[in-house]
Amino acid sequence: MKFRLDEDSLGKIKIPSDAYYGAFTGRAIQQYHVTGIRAHENLIKSFVMIKRSAAIANMKTKAIDVKRGKAIVTACDKILSGKYIDQFVIEMINSGAGTAFNMNTNEVIANVALEILHKKKGQYQHLHPNDHVNMSQSSNDTYPTAMHVAILINLEETIPAIDKLIKSLTKKSKEFSSFKKIGRTHLMDALPVSLGSEFAAYVTSITKAKNEIISSQKELQNVALGGTAVGTGANTPKGYRKIAISELAKISKLQLVPEKDMQYALQSKFAVANLSGALRNLALEIGKLSNDIRLMASGPIAGLAELGIPAVHAGSSIMPGKVNPSLAECMNMICFNIIGNDTAVSYAAQSGQFELNVMMPGMLKCMLESTDMLKNFVPIFSANLIDGLTANKEKLRSNIENSPVIVTLLTPKIGYLKSAELFKESLKTGKTIRELVTSKKLMSNKEIDALFG
């Protein structure tokens, strides 16, 4: 492999000749071996859009000459078209406040821009990663801005995925509306409900969770760009912040506005933690739904067997014909991971000191991972499991008839104590409540049907 000598404030370092990153990145990749997974595509995209917007703002405020400014913009456009993505080699979890990733971005853009200017990589006297690409910026305001933008981009696919689940559950609630089933509290038999109303309740809970996510994401539209190192806007030309955020909103197609309190924007991660909590609450609701489906579909002989589930693949490598609730199990594991990610985000949100929260890279990894899992798997879960659920009518009906708990519906007619006696007698003799009530001439079949209906 051929190398070139690249230089930063610490001195010279060998960099592969064909690499577009520079000295800072070269040093960083020797330190940050964490997950082995490179940066998320939406983080790269967000950072490059920020650099492009900053260059435009710097040109408009005459902080940078047009030649260099246009070279930076053109370099950003090349990257946004999909080129040079392999040059973003810093992992999601890296240095505090994401300085390493910010510099990886600055160096790649600088070296691409140098080639546009017909210069060689590393000839930073003509266009410098810090002096020109990072002009009017700091890792401390670009990373929180990129974090908000990347999460918002991910949410553009996450919300429709949740809507698909709501639509599938709504369809099932209507399809199952006429099917009565035994209710359960404490995992024990309880009064009858309809299978449809059970699914309608899932619709309500998922819809409420989705609405909380939508409400939480609005806070992310307020961005820190222009705050630079400590939220004072040091080293930015007059008018830069407004122009840069306007340009960023334009290219990202997001409704971004300047956060009014720039120091708050750097030191507090309230907006991200708030959204993380909303994602966690969604995971709790979807996890509960998945558990219920697994229980209702258990069997087919020794379980509840109230629901039939579609086979997406063979359930067992040893037991032929077995059908497992595999997609519900996968969804449970996703929900556990989202809950764990929220815990990590919560710790990170309270771990910043004074003017800066340096834990942002870890927070962003968790947020993008959670939204990735939702946008990727929820549509599959909805189409291949929820849409294919069927009701076992006979099992649902027999459970109601055979459960002694339905004597509860008779208590207004025959009293609590008499009902309790019938409950015990039903369990002891194996006779149904209907059989006992009619044999004792306490009520007619017609009267019982009216109560059970």
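So, here's what we can say about the structure. (Residues numbered from 1 in each chain as written. Predicted model: local features only at pLDDT ≥ 70, side-chain atom pairs only at ≥ 80, totals over all residues. Heavy atoms only, no water.)

Here we look at the overall build of the chain
Helices and strands together make up the secondary structure of the chain, namely 17 helices and eight strands. For 453 residues, the compact-globule estimate of 2.2 N^0.38 gives 22 Å, and the C-alpha radius of gyration of the chain, at 30 Å, exceeds that figure by more than 25%. Referenced to the eigenvectors of the C-alpha coordinate spread, the extents of the chain come out at roughly 100 × 50 × 35 Å. Residue burial in the chain is summarised as follows: out of 453 residues, 51% are buried. For the chain, the share of sequence-separated contacts (at least 6 apart) that also reach a separation of at least 24 residues comes to 71%. A distance of 3 Å separates the average location of the 55 positive side-chain charges in the chain from that of its 40 negative side-chain charges. (Helix = DSSP H or I, 4+ residues; strand = E, 2+ residues; numbered from the N terminus. Rg over C-alpha atoms; globule rule 2.2 N^0.38 Å. Buried < 20%, exposed > 50% of the residue type's maximum accessible area, 1.4 Å probe, protein only. Contact = heavy atoms within 4.5 Å. Lys, Arg positive; Asp, Glu negative; His and termini not counted. Charge placed at Lys NZ, Arg CZ, Asp CG, Glu CD.)

Overview of the pairing of strand β3 (residues 180-185)
Regular strands place their side chains on alternate faces of the sheet. Here six bridges tie β3 to strand β4 (residues 188-194), and the two strands are oriented antiparallel to one another. Along β4, the bridge assignment pairs I182 with P192. Here β3 folds back onto β4 in antiparallel fashion, the turn holding two residues, of which H186 has a positive phi close to 60°. (Pairing = 2+ DSSP bridges.)

Looking at the packing of aromatic side chains
Within a pair of aromatic rings, the relevant descriptors are the distance that separates the centres and the angle that separates the planes. Considering all chains together, one arrives at eight aromatic pairs under this definition. Taking 4.8 Å as the distance between ring centres and 65° as the angle between the ring planes, the aromatic pair formed by Y20 and Y84 counts as edge-to-face. Residue Y20 is found in the loop between β2 (11-16) and α1 (23-28), and its partner Y84 is found in the loop between α3 (66-80) and α4 (99-116); the two are separated by 64 residues along the sequence. For Y20, a relative accessible area of 13% puts it in the buried group. A ring pair is formed by F176 and F179, whose centres lie 6.1 Å apart and whose planes are at 35°; its orientation type is tilted. On the basis of relative accessible area, F179 is assigned to the buried category, the value being 16%. One aromatic cluster is present, built from ring pairs that chain together F47, F88, F101 and Y143. Positioned over the ring face of Y20 is K121, at 4.5 Å from the centre of the ring. (Phe/Tyr/Trp six-rings, centres within 6.5 Å; stacked < 30°, edge-to-face > 60°. Lys NZ or Arg CZ within 6 Å of the ring centre and 35° of its normal.)

Some remarks on unusual backbone geometry
Most peptide bonds take the trans configuration, and most residues that are not glycine carry a negative phi. Of the consecutive residues G299 and P300, the connecting peptide bond is found in the cis state with omega at 10°. Assignment of secondary structure puts P300 in the loop between α10 (270-296) and β7 (307-308). With phi around 65°, Y84 is a residue other than glycine that occupies positive phi space. In this model, F354 sits at a positive phi of 55°, which is unusual for a non-glycine residue.

Topic: the state of the cysteines
Linking two cysteines covalently through their sulfur atoms gives a disulfide. Scanning the model with the defined rule gives zero disulfides in all. In this structure C330 is a free cysteine whose sulfur lies 9.6 Å from that of C335, the closest cysteine sulfur available. (Disulfide = S-S within 2.5 Å.)

Some remarks on the pairing of strand β1 (residues 3-8)
The two faces of β1 differ: R4, D6 and D8 on one face are buried, but F3, L5 and E7 on the other face are not. Between β1 and β2, which pair antiparallel one after the other, the connecting turn spans two residues.

Considerations on the pattern of salt bridges
Taken as a whole, this structure holds 22 salt bridges when the rule is applied. Taking the shortest distance from any N to any O, the salt bridge between D8 and R27 comes out at 2.9 Å. Of this pair, D8 sits in strand β1 while R27 is found in helix α1, placing the two residues 19 residues apart along the sequence. The partly exposed category is assigned to R27, whose relative accessible area is 22%. (Salt bridge = Lys/Arg side-chain N within 4 Å of Asp/Glu carboxyl O.)

Details of the nonpolar core
Residues I151 and F381 are the most contacted members of the largest nonpolar core, which totals 120 residues. The element best represented in this core is helix α6 (residues 139-175), accounting for 15 residues. By size, the runner-up hydrophobic cluster in this structure holds 14 residues, among which are V407, L410, I433 and I448. (Core = buried A, V, L, I, M, F, W, Y, C linked by side-chain atoms within 4.5 Å.)

Digging into the environment of N384
The residue N384 is located in helix α12 (residues 360-384) in this model. Overall, N384 belongs to the partly exposed group, its relative accessible area being 39%. Spatially, the C-alpha atom of N384 lies 36 Å from that of F88, the residues being 296 residues apart in sequence. If we skip the residues at most four places from it in the chain, N384 touches P310, V312 and L327.

What about helix α2 (residues 41-60)?
Its 20 residues give α2 an end-to-end C-alpha distance of 29 Å, which sits within 8% of 28 Å, the value for a rise of 1.5 Å per residue. For α2, the tally of buried residues reaches 17 of 20 residues, placing the bulk of the element in the interior. Among the residues trailing α2, K62 stands out with phi positive, at a value near 65°. (Expected span 1.5 Å × (residues − 1).)

Remarks on the packing of α6 against helix α7 (residues 195-217)
At a minimum axis distance of 8 Å, the contact between α6 and α7 shows a crossing angle of 165°. When the axes of α6 and α7 are compared, the pair comes out roughly antiparallel. When you trace α6 past α7, the crossing you get is left-handed. Within the contact between the two elements, α6 uses L152, L155, I159, I162, D163, L165, I166, L169, T170, K172 and S173 and α7 uses G196, F199, A200, Y202, V203, I206, T207, K210, I213, I214 and Q217. Taken together, the residues that form the contact of α6 with α7 break down as 14 nonpolar, five polar and three charged. (Axes fitted to C-alpha atoms, helices over the stretch in contact; angles between N-to-C directions. Parallel < 35°, antiparallel > 145°, perpendicular 65-115°, else oblique. Left-handed = near helix turned anticlockwise from the far one by under 90°. Nonpolar A, V, L, I, M, F, W, Y, C, P; charged D, E, K, R; others polar.)

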